[in-house]
Amino acid sequence: MKEEKKVTVYDLADALGVSVGTIYRALHNKGRISPATKKKVLEMAEKMNFKINRAAQSLKRDPIIIGGILCCPVVSYIEEVKRGMTAAFDKLSDLNVTADIRTIIWDEQSYDEHAEVIAAILDEFMQKKYQGLILHLPHVKSLLCKKINLAAQSGMTIATVGNDLHNIERKIYISADGKCAGRLAAEMLSYCCEGKRIALLTGSRFTSIHAANIEGFFSYTCPIPFEAVDVMENYDNAEIFKEQMNQIIYSGRYSGVYITSAISITLPQFIKDWNQIRLRIITTDLFEENKRLLQERAICATIFQDPFRQGNCVVKKLYRYINENIGEGRKLIVPQIIFFSNRNLYEESELSPNEDIHS
């Protein structure tokens, strides 16, 4: 049996009467080429069964190495972000793209110590001339800002995920839409707690995602349809969080709670008590504790930030920017409301059903 001849870019160029350069620009979406010409090239490539050997091409390219520094006090959340990043890097591996991801379990009281570790990692990444950097940091002070900007000036393209950072030269920001999440929580609580007192438990007002949650909650309607909303900061510290939940449950002053942080996975075992006082609770994300609380009807709902998709998306966007110099900007993933009735949709899928991303 005669072996089928492999179609080359020269065959495509001959068939269309164009240069090999035109074929290359159309196939790789590079340089100037009219939409009509690009369409003809792609249609002919499909007709002639032309296939790009991505693995062979990757050997001809200089390797792309992207570093990651992920700092968060909530282990389950940051592991989901990392899992999404790893899945994206796995798909880019045949394009000569590799990753170096470092994880730090954040403690607000040890900020200076963490900052020194992060600065040392940045120095290492700069020395190794990594092309990209993905950051998840609660916040940064001036000295660390200068170090991150120095990395950007050295040629590293900076992206932030989950939480944006001010005063740094980042090109890409991927996160959940915090304002939308806050509005969703306010609307749900307004149905069952109108005219009642609400507690809003958050990490820190100075963290951009939590600030967006708070802003969204208060922007739902003016005035807010509650007797009062008490905002309590816990800095994503599990012990402070438990003390706040004790106060809320046993004071008898509150009818509803919105927990903006994924720290909700550490909810204490007070289910019977808060069911007796009919406390309505809305949490964030879908970790094992939240699943159990939904099943036992101890919480009304949870608002899914989709950390897996955040991590997955930031890698793809950053790679595209490094490779094609496009895709700069801020992209927000629309949060989803998860009730007991639809939780299985999010448990069974590697990627959640949420496909909505907007600027």
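### What about the overall build of the protein chain?
In step 1: Summing up its helical and strand segments, the protein chain has 14 helices and 13 strands in all.
In step 2: In the protein chain, the proportion of contacts linking residues at least 24 apart, taken out of those at least 6 apart, comes to 69%.
In step 3: Surface exposure of the protein chain reaches about 17,900 Å², of which carbon and sulfur atoms provide 50%.

### Here we look at empty space enclosed by the protein
In step 1: This model, assessed by the stated rule, comprises one cavity of 30 Å³ or more.
In step 2: As a volume, the largest cavity reaches approximately 210 Å³.
In step 3: Every residue lining the largest cavity is counted, 19 residues in all, and those nearest its centre are Tyr-77, His-136, Ile-209, His-210 and Asp-236.
In step 4: Of all the secondary structure elements, the ones that give two or more residues to the lining of the largest cavity are strand 1 (64-72) and helix 9 (208-219).

### Section: the sheet that holds strand 9 (residues 280-284)
In step 1: If you trace the six strands from one edge of the open sheet to the other, you get 7-6-8-9-10-12, paired in mixed fashion. Here the strands that pair on one side only, and so sit at the sheet edges, are strand 7 (228-233) and strand 12 (336-338). Across the sheet, the axes of successive neighbouring strands diverge by a mean angle of 20°, strand direction being ignored.
In step 2: Inspection of the sheet shows strand 9 paired to strand 10 (residues 301-304) by three bridges, in the parallel sense. From the neighbouring strand, Ile-282 faces strand 10, where its bridge partner is Ala-301.
In step 3: Against the sheet, helix 12 (residues 288-295) contacts strand 9, strand 10 and strand 12, and its axis sits at roughly 145° relative to strand 10.

### Observations regarding the side chain of Thr-157
In step 1: Inspection of the secondary structure assignment puts Thr-157 in strand 4 (residues 157-161).
In step 2: A relative accessible area of 12% means that Thr-157 is categorised as buried.
In step 3: Setting aside its immediate chain neighbours within four residues, Thr-157 contacts Gln-131, Gly-132, Leu-133, Lys-171, Leu-318, Tyr-321 and Ile-322.

So, how was this worked out
Per chain, residue numbering runs from 1 following the sequence as it is written. Two thresholds apply to this predicted model, a pLDDT of at least 70 for residue-level local features and 80 or more for giving and counting side-chain atom pairs, whereas whole-chain, interface and lining totals are computed over all residues. Side-chain measures here rest on the full set of heavy atoms in the structure, leaving out hydrogens and waters. The helix count covers DSSP runs of H or I at least four residues long, the strand count covers runs of E at least two residues long, and both are numbered beginning at the N terminus. Note on definitions: a residue-residue contact is assigned when non-hydrogen atoms from the two residues lie within 4.5 Å. Shrake-Rupley sampling with a 1.4 Å probe provides the accessible areas, and residues are treated as covered by the protein chains on show and by no other component. As defined here, a cavity is a set of points on a 1 Å grid over the protein atoms alone where a 1.4 Å probe fits but cannot get out. A pocket is an open set with protein on both sides within 12 Å along at least five of seven lines, and residues line them when an atom is within 4 Å of a point. Grid points are joined across faces, edges and corners, and a volume is the space filled by probe spheres set on the points. What makes two strands pair is DSSP finding at least two bridges between them. Note on geometry: axes are C-alpha line fits, over the in-contact stretch for helices, and angles between N-to-C directions span 0 to 180 degrees. Working definition: with a 1.4 Å probe on protein chains only, accessible area under 20% of the residue-type maximum means buried, over 50% means exposed, and in between means partly exposed.

Distances and angles like these do not, on their own, reveal function.
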